[in-house]
Amino acid sequence: MTGSVNYGDRIPNNVDLGRDRVLQRALEHWQPQYIGWWYDMGPAESRGYDVYLRTAISVEPEGWAVFDYVKMPDYRWGIFLAPPEADRAINFGVNKGRQVWSEVPGEYRSPLRRLIVTQGDTEPASVEQQRMLGMSCPSLYDLRNIYQVNVEEGRHLWAMVYLLHRYFGRDGREEAEALLERRSGDEDNPRILGAFNEPTPDWLAFYMFTFFTDRDGKFQLASLAESGFDPLARTCRFMLTEEAHHMFVGETGVGRIVQRTADVMAEHKIENPDQVRDLGVIDLPTIQRYLNFHYSVTLDLFGSEVSSNAATFFTNGLKGRYHETAIQDDHVLAEAMYDVGDVAGGNVASKDVPALSALNARLRDDYIGEVQAGVDRWNRHIEHAGLPYRLTLPHKGFHRAIGYFADHHISPEGRVLTDDEWERGSRAWLPSERDYAFVQSLMSGRVVEPGKFANWIAPPRTGINRQPLDFQYVRFN
Ligand code: BYC
C-alpha cells in the first residue's frame, strides 16, 4: 500500500484494488449506477463544461492535488485511504490499548454499518440539494467552487461505498445501492438526517450550508477518524483534507456577502433593511435569519443530548470524541459528568449527566466554539464599515427538532416561550417566504464573464491555485 494513486485502473485507488477481483467487479458494477445518479442528480446542465478542478494524485500531505480542466462526469472518483500508522492502538473505550481492527469485528458489524451508511448518505444528499445553483452563480470563481465541492462530495460517497463493499458483504452492497436511491427531500424515500432534506434554494443558503453543515461533517469525520476500525479511520483522515476547502468556501462566501452589504450601507449611510434591499444587496437581518436556520438544523445533526447510541459507539471504540487522542483523561469516561442543559421550571437550566451518555452534546459544544469564531470574523466586516449591527448565534435550544429542546420553544436569547410567543417571534427569527423571494430575485441569472461578480457579493481576495480573479475557471464550450 502506498500513498500514490493508481490512475491506470478504471477506479483510481491506493488500496491495491486490482488484487481483489471480486471487490473490483462489485465496484465496477456500482460505478455506472453512480454515474447515472450523477447525470440525474448532479449539477444541472453541466455535463459538457470544462471545470478547473483539483484531483487527488496522492494522499501524502505534500502535493496531494493537481489542478486542471476536467469535465465533471470524467472526474477520477476513486478510493483513497490515508497511510496506515504502524502499531496504532484503539485509544478509548473498553477496547482501549488493543491493536486497531483491520477487519470488522463480528459483534460491531451492525453499529459500524449504520455509522458508515449515515455518513455516506449525507454526501450525495448535499449534491442533490445544490443541483440547481450553477444556474444562478455570482461568478465563474464561485461556480468552480461549488463544482469542486460537488465532485468531492461524490468522492466521499465513494469512500463510504468502498467500506461497505469491502467489509460488509451482501448487506454492504445493498446499502451502497440504497445510497443512490434515496433522494433529498423525497417524501417516500428521503435522506436519513433532517438537514439533508432541506432545500438549498439560493447561494446565501449554499454558503450557510457549507459553513455550518459541512463543519458538522468535519467534526463527525474527526470523531470517526479516531475509530478502532482502522479502514474507517484512515478514509476519514483523508476526507478531512478535502473538507477543509468546503468550509473555506462557506466562510468566505458568507463573509463576502456580509462585506458587500456592509460596504454599501456605509457608502450610502443607510441602515433600514428595505433601503438596503433597494440597492440590490442582502440586508443584515435577512443574513441573520438564514444563519439562525442553518445553525439550528445543523445542531440537530449531532443527535440527542443524551444518547445510548453514542455511548455504545464510544465504549466499543467505534467513534471517538473530537481529537480524542489529544484529550487528557482516562478515555473511558467511567466517572465523568457533563452539563447538557435542560428546560426546568420554565427556564433553561444546567443539568449534569454521565459524560458517556452526553457525547453528542459534547461534540456539539466543540462545534459551537469553532462556529462562533467564524461568526466573529464575519462581524469584523460590519465593524470595519463602522456599523453597529452584529450577527449572533442563537441559543443552542432555538428551533430544534432533535433532543431535549425539541419539545420546547426557545428564543434566540435562550428564553423559554409559550406557543403564542413562538408563533409571533419566529417570523422575525427565521427566513420568511418574502426573504427567500427577495434573495432569489437577486439571483435570477448567472454571472459568467471572467472577473465579474454579482452586485450582492464582494470579490474574494485571491483566486484559486494562485490564478487571477479573471481566470476562466469554467469553460462552457
Ligand atoms: N435527523 O441517539 P440519537 C457531512 C436519529 S455531515 C434525523 O439521538 P445518535 C456532510 C438517529 O439516527 C456528517 N434523524 O442519535 C456535511 C436515531 O435513529 P434510530 C454526517 C436523526 O445515533 C455537508 C434516533 O434519531 N456524519 O458529512 O447518537 C455536506 C436517535 O438518535 C437526527 C454523521 O452523522 C437528525 N438530525 O447520533 C456533505 C456521522 N439525529 O437509530 C456531508 C455518523 C438523530 O433510532 N452518524 N437522528 O432509527 C452518527 O454518528 C449518528 O448517527 C448521529 C446521530 C450523530 C447522526
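The structure displayed is predicted, hence computed values, not measured ones.

A separate point is the sheet that holds strand 9 (residues 474-475). Here we have three strands laid out as an open sheet, ordered 2-1-9, and antiparallel in their pairing. Here the strands that pair on one side only, and so sit at the sheet edges, are strand 2 (65-71) and strand 9. Bridge analysis of strand 1 (residues 50-56) against strand 9 gives two bridges, and the strand direction is antiparallel. Bridged to D50 within strand 9 is R475. Here helix 3 (residues 140-167) sits on the sheet and contacts strand 1, strand 2 and strand 9; the angle it forms with strand 1, its principal contact strand, is near 45°.

Turning to helix 11 (residues 419-429), its buried residues number three or more, namely W422, G425, S426 and W429. Axial view of helix 11: buried residues confined to an arc of 110°, hence all on one face. The outward face of helix 11, more than 90 degrees from its buried face, is lined by the exposed residues D420, R424 and R427. Along its buried surface, helix 11 packs onto helix 8 (284-300), strand 7 (409-410) and strand 8 (416-417).

With that settled, the discussion passes to the side chain of T213. Here T213 lies in helix 5 (residues 203-224). By relative accessible area, T213 is classed as buried at 3%. Not counting residues within four places of it along the chain, the set of residues in contact with T213 comprises F196, M208, T298, L301 and Y367.

Taken as a whole, the largest pocket spans an internal volume of roughly 770 Å³. Elements with a minimum of two residues in the lining of the largest pocket: helix 2 (109-129), helix 5, helix 8 and helix 9 (308-315). When grouped by side-chain class, the residues that make up the lining of the largest pocket number 15 nonpolar, 14 polar and nine charged. Considering only enclosed or pocket space, the second largest pocket measures out at about 420 Å³ in volume. The wall of the second largest pocket is formed by 16 residues, among which T252, R256, Q259, H381 and R461 lie closest to the centre. Listing elements by their share of the lining of the second largest pocket, those giving two or more residues are helix 6 (230-268) and helix 10 (359-384). Here the element with the most residues in the lining of the second largest pocket is helix 6; it accounts for six residues.

Attention now moves to the environment of D202. With respect to the helices and strands, the residue D202 is situated in the loop between helix 4 (169-181) and helix 5. The exposure class of D202 is buried, given its relative accessible area of 1%. At a separation of 3.0 Å, a polar atom in the side chain of D202 contacts the main-chain amide nitrogen of L204. From its side chain, D202 meets the backbone nitrogen of A205 in a polar contact 2.8 Å long.

Rules used throughout
Residues numbered from 1 in each chain as written. Predicted model: local features only at pLDDT ≥ 70, side-chain atom pairs only at ≥ 80, totals over all residues. Heavy atoms only, no water. Pairing = 2+ DSSP bridges. Helix = DSSP H or I, 4+ residues; strand = E, 2+ residues; numbered from the N terminus. Contact = heavy atoms within 4.5 Å. Axes fitted to C-alpha atoms, helices over the stretch in contact; angles between N-to-C directions. Buried < 20%, exposed > 50% of the residue type's maximum accessible area, 1.4 Å probe, protein only. Arc of directions from axis to C-beta. 1 Å grid on protein atoms, 1.4 Å probe; cavity = no way out; pocket = protein on both sides within 12 Å on 5 of 7 lines; lining within 4 Å. Points joined across faces, edges and corners; volume = space filled by probe spheres on them. Nonpolar A, V, L, I, M, F, W, Y, C, P; charged D, E, K, R; others polar. Polar contact = N/O pair within 3.5 Å; in protein donor to acceptor, adjacent residues only side chain to side chain.

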